[in-house]
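Observations on the model geometry
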Amino acid sequence: AMVAHRFAQHFAGPPLTHLQQQLQQVGIPPHYFPCLFASLDPEPDIEAYRQCQQYAQEGACQGKRGLLLMGAPGNGKTALAVAILRHRLAHGQPPQRLRFWNVPTGMYELRAGRLHPDQATRHILALTQHDLLVLDDLGKHHTSPWVQEQLYLLLDELWASDKQVVITTNLP
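Thresholds applied
Numbering of residues starts from 1 in each chain and follows the order in which that chain's sequence is written. Thresholds applied to this predicted model are a pLDDT of at least 70 for local features of residues and 80 or more for the giving and counting of side-chain atom pairs; totals over whole chains, interfaces and linings are not thresholded and use all residues. Excluding hydrogens and water, the side-chain figures rest on all heavy atoms present in the structure. Type-normalised accessible area, obtained with a 1.4 Å probe on protein chains alone, sets the label of each residue: buried when under 20%, exposed when over 50%, and partly exposed for intermediate values. Put simply, DSSP marks the helices as runs of H or I at least four residues long and the strands as runs of E at least two long, and each gets a number from the N terminus on. Here, the arc refers to the directions that run from the helix axis to the C-beta atoms. For the purposes of these results, a polar contact is taken to be a pair of N or O atoms within 3.5 Å, where, inside protein, one atom must be able to donate a hydrogen and its partner to accept one; residues adjacent in sequence count only when each atom of the pair is a side-chain atom. DSSP calls a pair of strands paired once it identifies at least 2 bridges connecting them. The pLDDT value expresses, per residue, how confident the predictor is, ranging between 0 and 100. Two residues qualify as a contact provided that any one of their heavy atoms is within 4.5 Å of a heavy atom in the partner residue. The definition used for a disulfide is geometric: two cysteine sulfur atoms within 2.5 Å. The set of buried Ala, Val, Leu, Ile, Met, Phe, Trp, Tyr and Cys residues whose side-chain atoms join them within 4.5 Å is what this entry labels a nonpolar core. Under the pairing criterion, centres of Phe, Tyr and Trp rings, with the six-membered ring standing for Trp, must be within 6.5 Å; the plane angle then separates stacked pairs below 30 degrees from edge-to-face pairs above 60, leaving the rest tilted. With axes taken as lines fitted to C-alpha atoms, and helix axes fitted only over the stretch in contact, angles between N-to-C directions fall between 0 and 180 degrees. By definition here, a helix of n residues has an expected span of 1.5 Å times n minus one.

For the rest of this paragraph, the subject is helix α5 (residues 103-112). For α5, the set of buried residues is V103, P104, G106, M107 and L110. Each buried residue of α5 sits inside an arc of 165 degrees when the element is viewed along its axis, so together they form one side. Facing away from the buried surface of α5 by more than 90 degrees, the exposed residues are Y108 and E109. Two or three places before T105, at the opening of α5, N102 has a side-chain oxygen 2.9 Å from that residue's backbone nitrogen.

See the structure below:
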């Protein structure tokens, strides 16, 4: 048992720092932990970078509480969305009020969990309790009438509750 414990410790890596624990609690994948505005290159799209900074600071951009980041894969949409979350954490917003949710992964987990439809809907609607929700890779998920219905419920509730939401998508 002691050998197995040491083996697990060796491959688990060093313990997470307090910041890493907060990022994990928000749901940010470890690959994106380093994403800060200061570490990102604004050059690919200076206007998008500026709007994301404004959104992070003010909770709105051009008077809107929602922000849609569209573009080709790999152009930095998710990194900018994480930089917004990191900014909020750095300025005292508690991690339990922020959420990063990858739509394809989240929808897959809900379907694979074989939850009763009401339980899945409650899980989806629980996402609206956060002050800021990042919906990553919207449109990259498997589409079915059930998935469309769940996403409609989520987006409608976010809008009706006047919540802050950042959406990243590859869709045109």
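Next comes the rest of the account.
A few words now on the pairing of strand β2 (residues 98-102). Of all five residues in β2, four are buried, a share of seventy percent or more. Bridge analysis of β2 against strand β3 (residues 132-136) gives five bridges, and the strand direction is parallel. Residue F100 lies in a different strand from β3, and its bridge partner there is V134.

With that settled, consider the confidence of the model for the chain. Note: predicted coordinates in regions of low pLDDT should not be interpreted at a detailed level. Averaged over all residues, the pLDDT of the chain is 88; the fraction at 70 or higher stands at 91%. Note that residues 1-9 has pLDDT below 50 and, in this model, zero contacts with residues that lie over four places away or in other chains.

Applying the stated criterion across every chain, the model contains zero disulfides. Distance from the sulfur of C61, which forms no disulfide, to the nearest cysteine sulfur (C52) is 7.7 Å. A relative accessible area of 5% means that C61 is categorised as buried.

A few words on unusual backbone geometry. Of note, the phi angle at Q62 is positive, near 55 degrees, even though the residue is not glycine. Position of Q62 among the secondary structure elements: in the loop between α3 (46-58) and β1 (66-70). On the basis of relative accessibility, which here comes to 59%, the residue Q62 falls in the exposed class. Unusually for a residue other than glycine, D137 sits at a positive phi of about 60 degrees.

Let us look at the nonpolar core. Membership of the largest hydrophobic core comes to 28 residues, with the highest contact counts inside it found for I28, F37, L67, L80, I84, L85 and V166. Residue assignment for this core shows that the elements contributing at least two residues are α2 (18-26), α3, β1, α4 (77-90), β2 and β3. Here this core takes eight residues from α4, the largest share from any one element. Not counting residues up to four positions away in its chain, the partners in contact with L80 are F37, L40, A48, Y49, C52 and L69.

If you walk through the whole model with that rule in mind, you get one aromatic pair. Ring geometry for F37 against Y49: centres 5.6 Å apart, planes inclined by 90 degrees, an arrangement best described as edge-to-face. Of this pair, F37 sits in the loop between α2 and α3 while Y49 sits in helix α3, and the two are 12 residues apart along the sequence. Here F37 matches Y49 in class, with each residue buried.

Our next topic: the sheet that holds β1. Taken in spatial order, the four strands of this open sheet run β1-β4-β3-β2, and their pairing is parallel. Only two strands of the sheet have a single neighbouring strand rather than two, namely β1 and β2. Strand-to-strand, the axes of this sheet are offset by a mean angle of 10 degrees, without reference to chain direction. Set on the sheet, helix α7 (residues 145-160) makes contact with β2, β3 and β4 (164-169); between it and β3 the angle comes to about 150 degrees.

Turning our eyes to something else, we now look at α3. Relative to the 18 Å expected for 13 residues at 1.5 Å per residue, α3 spans 18 Å between its end C-alpha atoms, a close match to the ideal helical length. Those residues of α3 not exposed but buried are A48, Y49, Q51, C52, Q54, Y55 and A56. Once α3 ends, the next one or two residues include G59, with phi positive near 75 degrees.

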